[in-house]
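The primary structure of each chain is shown beneath.
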Amino acid sequence: MFDSLNHQQAAAVDHSGSPLLIVAGAGTGKTKTLAARVARILDDGADPNRVLLLTFTRRAAAEMLGRVAAVGSDRSASQVWGGTFHSTANRILRNFGQNAGLSPGFTVLDQGDATDLMGMVRTEEGFGERGRRFPRKETVAGIYSRMVSSQAKLADVLETDYPWCADHGDDLRTIFTAYTSRKRANNVLDYDDMLLFWRGLTASTVGGALRDLFDHVLIDEYQDTNPVQADIVRGMCRPDTDLCAVGDDAQAIYAFRAATVANMWNFSDHFPGATRITLQQNYRSTMPILAVANAVLGQSADHFDKQLWSDRADGLTPILRTHHDEGAQSRSVCESILDARERGLDLRDQAVLFRAGHHADGLELELTRRDIPYVKYGGLKYLESGHVKDLLALLRLLDNPADQLAWHRILATLEGVGPATVRRLSDELGIDRQADDSLARFIDGAGKMPTAAETQASELRAALGHCLDAQVLPAQQVDRLKQFCALVFPGRYDNAAARLADIDQLAAGAAAYWSRSRFLTELTLDPPSRTSDQAGPPHLDDDWLTLSTIHSAKGLEWRSVHLLHAADGNLPSEMALGDDAGLAEELRLMYVALTRAKDELTVNFPLRYHVNRYATDDKHVYAQISRFIEPVRELFHEPSAGIEPQLDPDLTLVGSVGVADEVDLALSALWD
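Source: prediction; values computed, not measured.

Caption draft 1: Quick look at the side chain of Arg 238. On the secondary structure map, Arg 238 appears in the loop between helix H12 (227-235) and strand S7 (242-247). Polar contacts involving the side chain of Arg 238 include one to the main-chain carbonyl oxygen of Arg 211, which spans 2.7 Å. Polar side-chain contacts of Arg 238 include one of 2.9 Å to the side chain of Asp 240. Leave out the neighbours within four places in its chain, and Arg 238 touches Arg 50, Arg 211, Asp 212, Phe 214 and Asp 215.

Caption draft 2: Focus on helix H9 (residues 169-186). With 18 residues, H9 extends 26 Å between its outermost C-alpha atoms, agreeing within 8% with the 26 Å of an ideal straight helix rising 1.5 Å per residue. Listing the buried residues of H9 in full gives Gly 169, Asp 171, Leu 172, Ile 175, Phe 176, Ala 178, Tyr 179, Arg 182, Lys 183 and Asn 186. Count one or two residues on from H9 and you reach Asn 187, which has phi positive near 60 degrees.

Caption draft 3: Spatial organisation of the pattern of salt bridges. Tallying each qualifying case throughout the model produces 49 salt bridges. Where Asp 231 meets Arg 199, a salt bridge forms, and the shortest distance between an N and an O atom there is 3.0 Å. Remark: Arg 199 occurs in helix H10 (residues 191-202) and Asp 231 occurs in helix H12; sequence separation between them is 32 residues. When its relative accessible area of 23% is taken as the criterion, Asp 231 is described as partly exposed. The salt bridge involving Arg 516 is made with Asp 399; its shortest N-O contact spans 3.6 Å. Taken together, the positions of Arg 516 in helix H25 (residues 516-525) and Asp 399 in helix H18 (residues 386-399) put the pair 117 residues apart, joining distant regions of the chain. Shared partners join several salt bridges into a network, and the residues in it are Lys 30, Asp 220, Glu 221, Asp 224 and Lys 554.

Caption draft 4: View of empty space enclosed by the protein. Taken as a whole and assessed by the stated rule, the structure comprises five cavities of 30 Å³ or more. Looking at the largest cavity, its volume works out to about 60 Å³. What lines the largest cavity is simply Arg 94, Phe 106, Thr 107, Val 108, Arg 396, Asp 399, Ser 517, Leu 520, Thr 521 and Thr 524. Listing elements by their share of the lining of the largest cavity, those giving two or more residues are strand S4 (107-108), H18 and H25. Considering each element in turn, the lining of the largest cavity owes the most residues, four residues, to H25.

Caption draft 5: Region of interest: the sheet that holds strand S6 (residues 216-219). Read across the sheet, six strands follow the order S3-S2-S6-S7-S1-S8 without closing on themselves; strand pairing throughout is parallel. Across the chains shown, the open sheet's two edge strands, defined by having one partner strand only, are strand S3 (81-84) and strand S8 (275-279). On average, each strand axis in the sheet is tilted by 15 degrees relative to the strand beside it, whichever way the strands run. Where strand S1 (residues 20-24) and S7 come together, four bridges link them in parallel fashion. Looking at S7, one finds that Val 23 is bridged to Gly 247. Strand contacts of helix H1 (residues 7-14): S1 and S8, with the helix running at about 145 degrees to S8, the strand carrying the most contacts.

Caption draft 6: Spotlight on the nonpolar core. Core analysis: the largest hydrophobic core is formed by 45 residues, its most contacted members being Leu 391, Leu 394, Leu 411, Leu 414, Leu 464 and Leu 481. If you list the elements that add at least two residues to this core, you get H18, helix H19 (404-412), helix H20 (419-429), helix H21 (438-443), helix H22 (454-467), helix H23 (474-492), helix H24 (496-510) and H25. Sort the elements by how many residues they give to this core and H18 lands first, with eight residues. Setting aside residues no more than four positions away along its own chain, Leu 411 makes contact with Val 417, Val 422, Leu 425, Ile 431, Phe 442 and Met 449. If you look at the next biggest cluster of nonpolar residues, it comprises 42 residues, including Ala 250, Ile 253, Ala 293 and Val 603.

Caption draft 7: Inspection of the confidence of the model for the protein chain at higher detail. Within the protein chain, residue pLDDT values average 84, and 88% of them lie at 70 or more. Predicted confidence in the protein chain is weakest over helix H29 (residues 649-652), with a mean pLDDT of 38, and strongest over strand S13 (residues 558-563), with 97. Taken as a whole, residues 530-541 scores under 50 in pLDDT and shows 18 contacts with residues more than four places along the chain or in a different chain. For the stretch residues 612-617, pLDDT sits under 50, and the model shows four contacts to residues farther than four places along the chain or on other chains.

Caption draft 8: Inspection of the packing of helix H7 (residues 137-150) against H9 at higher detail. The N-to-C vectors of H7 and H9 enclose an angle of 80 degrees; their axes lie 11 Å apart at closest approach. As far as their axial angle goes, H9 and H7 are roughly perpendicular. Between H7 and H9, the residues in contact are Val 140, Ile 143, Tyr 144 and Met 147 and Leu 172, Ile 175, Phe 176, Tyr 179, Thr 180 and Lys 183, respectively. Among the residues making up the contact of H7 with H9, the classes are represented as eight nonpolar, one polar and one charged.

Caption draft 9: Spotlight on H10. Given a rise of 1.5 Å per residue, twelve residues ought to cover 16 Å, and the 18 Å separating the end C-alpha atoms of H10 matches this to within 8%. Among the twelve residues in H10, nine count as buried, and that is most of the element. Regarding H10, the residues found buried are Tyr 191, Asp 192, Asp 193, Met 194, Leu 195, Phe 197, Trp 198, Leu 201 and Thr 202. Measuring from the side-chain oxygen of the N-cap residue of H10 to the backbone nitrogen of Asp 192 gives 3.1 Å; that N-cap residue is Asp 190.

Caption draft 10: Structural context of the packing of H18 against H25. The N-to-C vectors of H18 and H25 enclose an angle of 130 degrees; their axes lie 10 Å apart at closest approach. With respect to each other, H18 and H25 are oriented oblique. The element H18 and its partner H25 pack so that their crossing is left-handed. Taken together, the residues of H25 that come into contact with H18 (itself represented by Leu 392, Leu 395, Arg 396, Leu 398 and Asp 399) are Arg 516, Ser 517, Phe 519, Leu 520 and Leu 523. By residue class, the composition of the contact of H18 with H25 is six nonpolar, one polar and three charged.

Caption draft 11: Up close: the environment of Thr 28. Topologically, Thr 28 is positioned in the loop between S1 and helix H2 (30-43). Since its relative accessible area comes to 1%, Thr 28 is described here as buried. Residues Thr 28 and Ser 310 lie 282 residues apart in sequence; the distance between their C-alpha atoms is 9.3 Å. In this view, Thr 28 contacts Gln 9, Leu 279, Gln 280, Gln 281, Asn 282, Tyr 283 and Leu 308; residues no more than four positions away in its chain are not counted.

Caption draft 12: Representation of unusual backbone geometry in the model. A cis geometry characterises the amide bond from Leu 571 onward to Pro 572, with omega recorded as 10 degrees. Within the fold, Pro 572 resides in the loop between S13 and helix H28 (580-594). Of note, Ala 258 is a non-glycine position whose phi angle comes to about 75 degrees, a positive value. Relative to the helices and strands, Ala 258 is located in the loop between S7 and helix H13 (262-265). For Ala 258, a relative accessible area of 5% corresponds to the buried category.

Caption draft 13: Layout of the environment of Arg 370. Along the chain, Arg 370 turns up in the loop between helix H17 (361-369) and strand S11 (374-377). A C-alpha to C-alpha distance of 9.7 Å links Arg 370 and Arg 331, two positions 39 residues apart in sequence. Look past the residues within four positions of Arg 370 in its chain and what remains in contact with it is Arg 331, Cys 334, Glu 335 and Leu 338. Engagement of the side chain of Arg 370 in a polar contact is seen with the side chain of Glu 366, the distance being 2.7 Å.

Rules behind the numbers
Residues numbered from 1 in each chain as written. Predicted model: local features only at pLDDT ≥ 70, side-chain atom pairs only at ≥ 80, totals over all residues. Heavy atoms only, no water. Helix = DSSP H or I, 4+ residues; strand = E, 2+ residues; numbered from the N terminus. Polar contact = N/O pair within 3.5 Å; in protein donor to acceptor, adjacent residues only side chain to side chain. Contact = heavy atoms within 4.5 Å. Expected span 1.5 Å × (residues − 1). Buried < 20%, exposed > 50% of the residue type's maximum accessible area, 1.4 Å probe, protein only. Salt bridge = Lys/Arg side-chain N within 4 Å of Asp/Glu carboxyl O. 1 Å grid on protein atoms, 1.4 Å probe; cavity = no way out; pocket = protein on both sides within 12 Å on 5 of 7 lines; lining within 4 Å. Points joined across faces, edges and corners; volume = space filled by probe spheres on them. Pairing = 2+ DSSP bridges. Axes fitted to C-alpha atoms, helices over the stretch in contact; angles between N-to-C directions. Core = buried A, V, L, I, M, F, W, Y, C linked by side-chain atoms within 4.5 Å. pLDDT = per-residue confidence, 0-100. Parallel < 35°, antiparallel > 145°, perpendicular 65-115°, else oblique. Nonpolar A, V, L, I, M, F, W, Y, C, P; charged D, E, K, R; others polar. Left-handed = near helix turned anticlockwise from the far one by under 90°.

Structural data, given as structure tokens:
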């Protein structure tokens, strides 16, 4: 590993004596460099238990530590504290949480469950039953998370991000106060709490003990940290702590999650005397692709100076293809994908990227028509599926009988049990009072059930009782609870057999754990994005095309990449056109999309967008090519056959149509 490092990478690996910021351009070997630095630290004799590696996915940490193990001691690598901010927070809070008033048995709510709890409080406070419209629970939860993650005042968040909710400030304060009280009473934490409590501990009487845990702190993807995470990093470092942060400010694209690239830009202010090393040699893309990426990024001065270059000087010129409309774009992309496949480029080596999930709707229909298999990223996550959440609620109840949200979800799965019955059962079992014996009493038969629910309730009681046995492993618990799910799923969901198969995959994932609490926590903090993530790698003879939002594609690469809808209003997004900071992030988003391609890059631009793609008329508006692509068009090859030569039916109705007439009609379509 060390022998293959270039000069800048080696300098980053060997640096010591001051805080280090590594600015790693796209495809410049960031993971390799950070893994080599960890390996060097261990080779120098550091205690692996005193090395903290923070990443944004557990897979990233596992990959880095796997590389470390490959060049050194596998045992040493396994002892490094490697994981996400949230998983590390969980470990610390389990050990030190009592100093912050937390019970060691707390449960972690995923984002969906936190939203449901917010909705429950919203209803109980009477804001869902008033005579005028009130923000939905998803919006209320979004406001709360944005406020907490960005550490901005509620009034500022409402003014900047939710102006249509500005009149509800006082009511939102009431809901947030009740929501916080409910979490504490139920002994549950949401994602934001995990970081807030960790940060709070660093400033408490145990802060010194926390800082003494680690001599070396390394953070990946530093441009994606939010203000709370940056505070945590500062709070965990002593003056002599060996700190290294890695990131690329040109790939800061998660402001909607309250990430702030300012944490990178202000690194030297936060850590005086810091050293900055920039990695610019790209090992992924050809120079023609990098020329486009560099030119796009060069349109903004809001980034550290960098110019990507590669030894792969030759390569295909990127293609800019203009299409008659969205349908023509879908047909052309499919034809290009199939042509590449015939040239020996497997589908798995190709990807189609887009700004928003719905931008691929038309393409998905065309792919299905042509029998081209694909996997789409950026849609509904596996753990967000209702039937999976049902099973997880059962496990959460076993782990924390005070979890009111889990109780309500489970009781509502029973036939004939509606909101009124749930409230009655909650009162009979003492659920809302957080009675210590609610679960034991329910298993023993307490709680009068409707006649229609008696069989299901009997099975539920038996399954829960069985799973309370400490000898029953998590995978066995999932299998036992599946028997209850088999009774209730047919009445709740279509295609119950397929949903029960998903539960089998959950059991397969649970087989790696001895502790139900550990399984639940890690699944919540680093969930799979789809069922196949639990099932393991696909068969070697499987082949599929990747469809992905640009946000979900970050960190990935393919030999051939198609970018859809390179038009103003799509990329950049219409929502960002009036905001300088938003527009700067959209440019970075374009940069991320372009730098995913290794050998072939095609940017697609539909000339027309139909007002209603499913209507029988042909009303449309004309698009303008993305403002990020227009200045660099000379770096593309533009095939002349990209626009299908067909006349607009609306235009032919007026007889002989001249250019001026077409321009006038195109303009009027913008406001008609």
